[in-house]
Amino acid sequence: MEIITVIIYLSIYLGLFATTFYILSFVSYSKKKREFYTDKELPFVSVIIPAYNEEETIAKTLKSVLKSDYPDFEVIIIDDGSSDNTLKIARKFENEKVRVFHKENGGKGSALNFGLKLVRGKIVFTMDADTTVAKESMKNMVRFFKDDEIMCVSPAIIIDKPRNILQRVQYMEYLLSLFLRKAFASLKSIYITPGAFSAYRKSFFDKFGLYDVGNPTEDLEMALRIQYNGYYTENCPEAPVYTIAPSTFKELMIQRRRWYFGLLKNLWTYRKIVGKKYGDLGSFVIPTALVSIILSVMVVVYMFFKTIFEVKDNLIFYQSVNFDFSSIFNINLYFIERVLFLFFSKPVVLFIILFMTVLGFYMRYASRKIGRLSGLLVNLILFYMFFAILFGLWWVITIFYTIFSKTVKWREL
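Quantities reported herein were computed from a predicted structural model and do not represent experimental measurements.

**Things to note about the pattern of salt bridges**
Item 1. Counted by the stated rule, this structure contains 15 salt bridges.
Item 2. The partner of Lys108 in a salt bridge is Asp128, and the shortest N-O contact between them spans 2.8 Å. Of this pair, Lys108 sits in helix α4 (residues 108-116) while Asp128 sits in the loop between β4 (123-127) and β5 (131-133), and the two are 20 residues apart along the sequence.
Item 3. Judged by its relative accessible area of 18%, Asp128 is buried.
Item 4. Where Arg225 meets Glu221, a salt bridge forms, and the shortest distance between an N and an O atom there is 2.9 Å.

Here you go:
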């Protein structure tokens, strides 16, 4: 048996085992009785929006927040040294509820820390300037803070109006993350919170410090800091938040390189979190994620070199039999027949189909939660075709940058 087959079997087994475990945990958790804030108990909250050259989106973002049905809140906009009209546009919204401040450019973490020193709310939302929210999202998220152990609540992040193939693949990835984040919440094991729109207790910042300014993924670091100090993050699928996805391969690669580099950096910083002391998070969730990353990288590297050698051997063979390379149809027809034969003649295909079916149910669940079922089948096919390759490629490039100490910044575009 080839090593690649062993890796694939191992990956599928791990995936099926993990997903079954997450499903059972999710079902058990959904039956648990919870206490939530009533409308009368909802505290005053603050929304911090750091912005750097966001003149095209800042107005839309502010309008969506101001339409929220939350009873009492403030919005603090921090212009982080923009060179466009971001500050000018934001100033137009200033009133008793919206305050606008300007500072020299220092990065997202610096802008968030600037805002945290100005907030008046007990609950603080951090929001990206290219994000929009549903009117009910704030209220649904804050209700969870009735539980004193919860220091953060994450929303349901959704790609807004995906158009090309890359955005559609990301759309399905975010749907899958929606289910997994809720499953992780059932295990008290959320270790990544989206920076686009997450809610935090102000008291946590007061006790454990502000954002790590030099961190490329300051939101991820904060999520791990919450877990490291014995508190938890909850997830609210009933809080839709819409974000703009990278539309080109270069933009997407830069984003994922930053995310994954930040994940490696922060997991190393909080490496003591791996172990029985931190429950399911340290003994299962993070170890499973790390093993999945390692297996993905191994598959990509193996397939890359194997493909090169096979193409070389095939070209030599075709030349030896005087194959007519001018007939593109013959090459494509042979290729399709060969691929189909190899694909359906291996037992591992059955396991792959089973795993893909499970993922499909996850995404359908998430789609029903956010009320967006149209286009699900097409997007799902694109996800199956491209995501595994992209995921492995992103990690290979990220590891290369990590090994050779390349600098990864929050803003590289």
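**Considerations on the environment of Leu42**
Item 1. For Leu42, the location among the structural elements is in the loop between α1 (3-30) and β1 (45-51).
Item 2. As a C-alpha pair, Leu42 and Arg143 span 101 residues in sequence and 7.1 Å in three-dimensional space.
Item 3. Setting aside its immediate chain neighbours within four residues, Leu42 contacts Tyr37, Tyr70, Pro71, Lys139, Val142 and Arg143.

**Brief notes about the confidence of the model for the chain**
Predicted coordinates in regions of low pLDDT should not be interpreted in detail.
Item 1. Summary statistics for the chain give a mean pLDDT of 84 and a share of 82% for residues scoring 70 or more.
Item 2. For the chain, per-element mean pLDDT is lowest for helix α11 (residues 328-344), which scores 56, and highest for β1, which scores 97.

**What about the environment of Leu377?**
Item 1. For Leu377, the location among the structural elements is in helix α13 (residues 376-403).
Item 2. The class of Leu377 is exposed, set by a relative accessible area of 61%.
Item 3. Placed 17 residues apart in sequence, Leu377 and Gly360 show a C-alpha to C-alpha distance of 9.1 Å.

Conventions used here
Residues numbered from 1 in each chain as written. Predicted model: local features only at pLDDT ≥ 70, side-chain atom pairs only at ≥ 80, totals over all residues. Heavy atoms only, no water. Salt bridge = Lys/Arg side-chain N within 4 Å of Asp/Glu carboxyl O. Helix = DSSP H or I, 4+ residues; strand = E, 2+ residues; numbered from the N terminus. Buried < 20%, exposed > 50% of the residue type's maximum accessible area, 1.4 Å probe, protein only. Contact = heavy atoms within 4.5 Å. pLDDT = per-residue confidence, 0-100.

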